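Tertiary structure, described
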Amino acid sequence: MEEQLAELAAQVAAMEAKSNLTNTMFAEAYYYLTIPLMIIIHAGFLAYEMGASRAKNALSSGVKNILAFAFVIPAFYFFGWWVYWAFPTGLSFAEGPNGISGTAYANSIALAWGESAAYMGPNTEDQIDGVFWGAFTLFAATTASIMSGAVIERIQTVGFVILAVILGGFSWTLAAAWGWHADGWLVTGWGVHDFGAAGLVHAVAAFFALGVLINLGPRIGKFNPDGTANDLPGHNMPFTATGLMLIIVGFWGFLMACLVVGGEAWSWSANYTTIYGTPTNLGALAFNILMSVAGGIIGAWVMTRDPFWMMSGALAGIISCASGLDIYYPALAFIIAFSAGVILKPCASILENMGIDDAVGAVTVHGTIGIYGMLMLGVFGSGYPAALGEGAATVSLVGQAVGAVVFIAIGLGTGYISSLILKMVGMLRVPEAAEIAGLDTVKVPAQAYPEGIPASAPAAN
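All of the points below concern the structure found in this document.

What counts and how
- Residues numbered from 1 in each chain as written.
- Predicted model: local features only at pLDDT ≥ 70, side-chain atom pairs only at ≥ 80, totals over all residues.
- Heavy atoms only, no water.
- Helix = DSSP H or I, 4+ residues; strand = E, 2+ residues; numbered from the N terminus.
- Expected span 1.5 Å × (residues − 1).
- Contact = heavy atoms within 4.5 Å.
- Bend = angle between axes of the 7 residues up to and from the residue.
- Patch = residues over 30% accessible without salt bridge, like charges linked within 9 Å, V, L, I, M, F, W, Y side chains within 5 Å.
- Areas by Shrake-Rupley, 256 points an atom, 1.4 Å probe, with all protein chains shown as cover.
- Salt bridge = Lys/Arg side-chain N within 4 Å of Asp/Glu carboxyl O.
- Buried < 20%, exposed > 50% of the residue type's maximum accessible area, 1.4 Å probe, protein only.
- 1 Å grid on protein atoms, 1.4 Å probe; cavity = no way out; pocket = protein on both sides within 12 Å on 5 of 7 lines; lining within 4 Å.
- Points joined across faces, edges and corners; volume = space filled by probe spheres on them.
- Nonpolar A, V, L, I, M, F, W, Y, C, P; charged D, E, K, R; others polar.
- Phe/Tyr/Trp six-rings, centres within 6.5 Å; stacked < 30°, edge-to-face > 60°.
- Axes fitted to C-alpha atoms, helices over the stretch in contact; angles between N-to-C directions.
- Parallel < 35°, antiparallel > 145°, perpendicular 65-115°, else oblique.
- Left-handed = near helix turned anticlockwise from the far one by under 90°.

Quick notes on helix H13 (residues 397-424)
Relative to the 40 Å expected for 28 residues at 1.5 Å per residue, H13 spans 40 Å between its end C-alpha atoms, a close match to the ideal helical length. If you follow the buried residues of H13, they end up packed against helix H5 (157-179), helix H6 (185-190), helix H7 (198-216) and helix H12 (362-380). Of the residues one or two after H13, Gly-426 is the one with positive phi, at around 75 degrees.

Digging into H7
Each full turn of the α-helix corresponds to 3.6 residues, which orients residues three or four apart in the same direction. Here H7 spans 25 Å end to end across 19 residues, near enough to the 27 Å set by a 1.5 Å rise per residue. Roughly 25 degrees is the biggest bend found in H7, and it falls at Val-204. Gly-217 sits one or two residues past H7 and shows a positive phi near 85 degrees.

Quick look at a nonpolar patch on the surface
A grouping of Phe-78, Phe-79, Trp-113 and Phe-170 is seen on the molecular surface, where their side chains present a nonpolar patch of about 400 Å² in accessible area. Among the secondary structure elements, Phe-170 is positioned in helix H5. The exposure class assigned to Phe-170 is partly exposed, which follows from its relative accessible area of 31%.

Quick notes on the layout of surface pockets
Empty space within the largest pocket amounts to approximately 640 Å³. Taken together, 28 residues line the largest pocket, and the ones lying closest to its centre are Lys-222, Asp-231, Phe-308, Trp-309 and Ala-359. Those elements that provide at least two residues to the lining of the largest pocket are helix H1 (2-52), helix H8 (237-256), helix H10 (307-322) and helix H11 (330-353). Considering every element that reaches the lining of the largest pocket, the biggest residue donor is H11, with five residues. Of the residues contributing to the lining of the largest pocket, the split by class is 12 nonpolar, eight polar and eight charged. Mapped onto the lining of the second largest pocket, the elements with two or more residues apiece are helix H2 (58-86), helix H3 (103-109) and helix H4 (129-150).

Section: the environment of Gly-361
Position of Gly-361 among the secondary structure elements: in the loop between H11 and H12. The class for Gly-361 is buried, based on a relative accessible area of 7%. Through-space distance from the C-alpha of Gly-361 to that of Val-151 is 10 Å; in sequence the pair is 210 residues apart.

Let's talk about the packing of aromatic side chains
Applying the stated rule across the entire model yields 32 aromatic pairs. Each ring, one from Phe-45 and one from Tyr-48, has its centre 6.2 Å from the other, and the planes form 50 degrees; the classification is tilted. Of this pair, Phe-45 and Tyr-48 both sit in helix H1, separated by three residues, roughly a single helical turn. Overall, Phe-45 belongs to the buried group, its relative accessible area being 1%. Arranged with centres 5.9 Å apart and planes meeting at 10 degrees, the rings of Trp-81 and Tyr-84 form a pair that is stacked.

Side note on the packing of H10 against H11
The contact between H10 and H11 brings their axes to 8 Å, and the two run at 125 degrees. On the basis of their axis angle, the class for H10 and H11 is oblique. Crossing of H10 over H11 shows right-handed handedness. Taking contact as the criterion, the partners of Trp-309, Ser-312, Gly-313, Ala-316, Gly-317, Ser-320 and Cys-321 in H10 are, on H11, Ala-333, Ile-336, Ala-337, Ala-340, Leu-344, Lys-345 and Ala-348. Across the contact of H10 with H11, the residue classes tally to nine nonpolar, four polar and one charged.

What to know about the side chain of Thr-364
By the secondary structure assignment, Thr-364 is in helix H12. Ignoring anything within four residues of it in the chain, the contact list for Thr-364 reads Leu-344, Cys-347, Ala-348, Leu-351, Asp-358 and Ile-369.

Structural notes on empty space enclosed by the protein
All told, the structure shown has one cavity of 30 Å³ or more when counted by the stated rule. Taken as a whole, the largest cavity spans an internal volume of roughly 60 Å³. Lining the largest cavity we find 13 residues, and of these Ser-60, Lys-64, Glu-153, Ile-155 and Leu-439 sit closest to its centre. Contributing elements (two or more residues each) for the lining of the largest cavity: H2 and helix H15 (439-443). Ranked by residues supplied to the lining of the largest cavity, first place goes to H2 with three residues. A class-by-class count of the residues in the lining of the largest cavity yields four nonpolar, five polar and four charged.

This is how it looks when you write it as structure tokens:
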């Protein structure tokens, strides 16, 4: 009898070990797959911005996107990941209530040299750090791509790369440490909840771009002497619309990576949770992403009938609901997204009337709508626990507003200061003659359309 019980116990232990290994391998594969899905975002931004550029600047805009992607990756490896783990409690670098933050913790897991390098390189006993870092790296790269579209057709390539490194390696990471980390002071003190990063990715990147645009200035010919704006349409609207659709595809991976897979030593519970430890699942994303995409497109279509703004409305729909995708019912997500689509073009016009030349509407789509989405969660999600744990702060309109102000300040402040320095040393804007000739002509050793493109006649009114 004792031998049978011992044999049964051994079988149970073997089954548990096998189950744990299977779950660990699933978690690793889960985050691994989010990485190529998020790379689709960058394929989308590449097509989107090249199509939105005039033919003489198409390849130059594409080169910027490729370089932003390439440079942000090592920047996030060497210092961005450390910032995320070191800064959650603020500038004190102290350990937070969950014990997963502060200088000592960051030094132990997030430096690319010394003992912590075991976590920052191949390690067959580590099933999560590499893929989790990879997902976060693609978040960082996305912020640079958001900024990229706003500044096309007149920014210097090297200056842009420097700005991309600052934004992807520091600015958004600081916002994430404060508002997208269970020890973040905005979470523990103010109840900030931004599940899908409407504020701390989209708004930070957009307001960083706004700070750059203030110093960069408008494209030649954008504004008349009386301040009225001229339309400078891109050369390939189908390419732009296709790029925007690819961005939507990629955002399934982006939002999938916002979940924490359950059942691991590093997980909050046995089930899926948000990064704050609150419960959610992939079903919530399936309902709410689809409803928000549809709502955004329909809202923009009702207002504009313009295919560019309709596809931008799809992105705005997701962003407007991103903070609360884990909380909303699908009907509410549709309503919020629809309203975001309705206000999208009017908000972009307000910015243009202020003399800001945002070539693709990035500040509005990602910034204005990102902040709108954070505030909507403060209205409709008020009282919901912002994080896991007894006595945790709850979501409120005031807390979401405080988080929004902080994210705006981080983005706008770092974007303005860094671009001002580049402007002072002559590294921000290309010379006037180069801009008139086209950046492909003077900056890229190739032509997008060496045989030229015949112009299409405008649609009759």
